[in-house]
Amino acid sequence: MQRLLLPPLKAVMWSGCVRLLVPRVAPKAQCGCSCGIRRHLRPGQYSTITEVALQSGKGTVSLPSKAAERVVGRWLLVCSATVAGAVILGGVTRLTESGLSMVDWHLIKEMKPPTNQQEWEAEFQKYQQFPEFKILNHDMTLAEFKFIWYMEYSHRMWGRVVGLAYILPAAYFWRKGWLSRGMKGRVLALCGLVSFQGLLGWYMVKSGLEEKPDSCDIPRVSQYRLAAHLGSALVLYCASLWTSLSLLLPKHKLPETRQLVWLRRFAGGTAGLVFLTALSGAFVAGLDAGLVYNSFPKMGESWIPEDLFTFSPILKNVFENPTMVQFDHRVLGITSVTAVTALYFLSQRIPLPRRTKMAAMTLLALAYTQVILGISTLLMYVPTPLAATHQSGSLALLSGALWFMNELRRIPK
């Protein structure tokens, strides 16, 4: 066989990583190795041996680099911040009873607010046809209506910003080849969840616009739909933040001891408990359950109020009885802070990196801050600024739990 003399190996920098280049053989030469590749190459061409590339007429599409992963991680961190902003703004919209001020939904048309007196009066007349105005706000002025309308408008426009923050960069990164196969599936799921979240929001609002002739209660959205709307937003937030932290924070090489395995499981259970407590807050908000027993630690004069099981069947009390809903939220909150405290002390018994210990300490501080905010909100009859801060605290606590969990994640072999 004729021997081919190959030039020395060369290395070039591209996309933040070193690529070793092997000179390709002369025209009409064939690869003599066992890989089975046969191709005709031009003299002077090089092929990579450390990075897979696909040659096409439009150029080379390479696998994502570490630099690309950092960019994607920062993008998802920004996305999770926009979701947090939507959750907080949605909570304020609920607290100010502004959520039913916009009585229709259009993806593009409603982006333009009323600009003159005639348009505002037409919008106000549409609102006057629905139960909230007839029962609760029948003496509302146009100026007062503008305030609640702009609150709901801000929440809806922010939702559109969230959607664009996910979808547009995702399309760009996909086209640039910066997403791995697994990341592509995750990004598609996140973008789909964003779209679903918008539809679920309108489905929730519709429940508060329906006429209920047999009910004398104040018009409000269904607590079930409110919980679904908040729950999907929390799932979106958690998934985005977890993926971002996994891309941005370097993994610790922790020894897989039995203590670490138990700590990792306990951290996951604690994070789930924090999530469930935050979700139960949607039922508290949906039923105005924060206004039924404004005392702590007792509920009124007793530890367990007598009207816990006034509804039939008994299971209905868990989701529709304001007393039971507040009782459940209290129990979940106390259980969560107890679990976080135990998690902190367990983490002190294991040699952990400094950053992991900082995450545990931050989680403990956030848990007790959230308890103080919750009790203060209850005792002061749910003032809007304090209640909004308490709702924001639930996101901060959930973020701390996710951070600590991420610090303990297992390094794949």
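- An unreviewed UniProt entry annotates the protein chain as Cytochrome c oxidase assembly homolog COX15 originating from Cavia porcellus.
- In the Catalytic activity (unreviewed entry) part of its UniProt record, the protein chain is described as follows: "Fe(II)-heme o + 2 A + H2O = Fe(II)-heme a + 2 AH2".

Section: the packing of aromatic side chains
Aromatic ring pairs: the centre-centre distance and the angle between the two ring planes describe each pair.
Then step 1. Applying the stated criterion to the full structure yields 19 aromatic pairs.
Then step 2. Ring centres of Y172 and W178 lie 6.1 Å apart, and the angle between their planes is 85°; on these two criteria the pair is classed as edge-to-face.
Then step 3. On the basis of relative accessible area, Y172 is assigned to the partly exposed category, the value being 46%.
Then step 4. Measuring from ring centre to ring centre gives 5.4 Å for Y344 and F345, while their planes differ by 75°; the resulting arrangement is edge-to-face.
Then step 5. Every member of this aromatic cluster is reached through a ring pair, and the members are W120, F124, Y127, F133, F145, W149, Y150 and Y153.

Re the packing of helix α4 (residues 142–176) against helix α5 (residues 181–209)
Then step 1. It is the contact of α4 with α5, at a shortest axis distance of 10 Å, that shows an interaxial angle of 160°. The pairing of α4 with α5 is recorded here as roughly antiparallel in orientation. For α4 against α5, the interelement crossing comes out left-handed. Residues E152, R156, G163, Y166, I167, A170 and W174 of α4 lie in contact with α5, whose contacting residues are K184, V187, L188, L190, C191, V194, W202 and V205.
Then step 2. Per-class residue counts for the contact of α4 with α5 are 11 nonpolar, one polar and three charged.

Concerning a nonpolar patch on the surface
Then step 1. A surface patch of nonpolar side chains, about 500 Å² in accessible area, is lined by W105, L107, I108, M111 and L199.
Then step 2. Mapped onto the elements, I108 comes out in the loop between α1 (66–95) and α2 (117–127).
Then step 3. The exposure class assigned to I108 is exposed, which follows from its relative accessible area of 60%.

Quick notes on the rules
- Residues numbered from 1 in each chain as written.
- Predicted model: local features only at pLDDT ≥ 70, side-chain atom pairs only at ≥ 80, totals over all residues.
- Heavy atoms only, no water.
- UniProt positions renumbered as here; feature names shortened; annotations may be inferred.
- Phe/Tyr/Trp six-rings, centres within 6.5 Å; stacked < 30°, edge-to-face > 60°.
- Buried < 20%, exposed > 50% of the residue type's maximum accessible area, 1.4 Å probe, protein only.
- Axes fitted to C-alpha atoms, helices over the stretch in contact; angles between N-to-C directions.
- Helix = DSSP H or I, 4+ residues; strand = E, 2+ residues; numbered from the N terminus.
- Parallel < 35°, antiparallel > 145°, perpendicular 65-115°, else oblique.
- Left-handed = near helix turned anticlockwise from the far one by under 90°.
- Contact = heavy atoms within 4.5 Å.
- Nonpolar A, V, L, I, M, F, W, Y, C, P; charged D, E, K, R; others polar.
- Patch = residues over 30% accessible without salt bridge, like charges linked within 9 Å, V, L, I, M, F, W, Y side chains within 5 Å.
- Areas by Shrake-Rupley, 256 points an atom, 1.4 Å probe, with all protein chains shown as cover.
- Salt bridge = Lys/Arg side-chain N within 4 Å of Asp/Glu carboxyl O.

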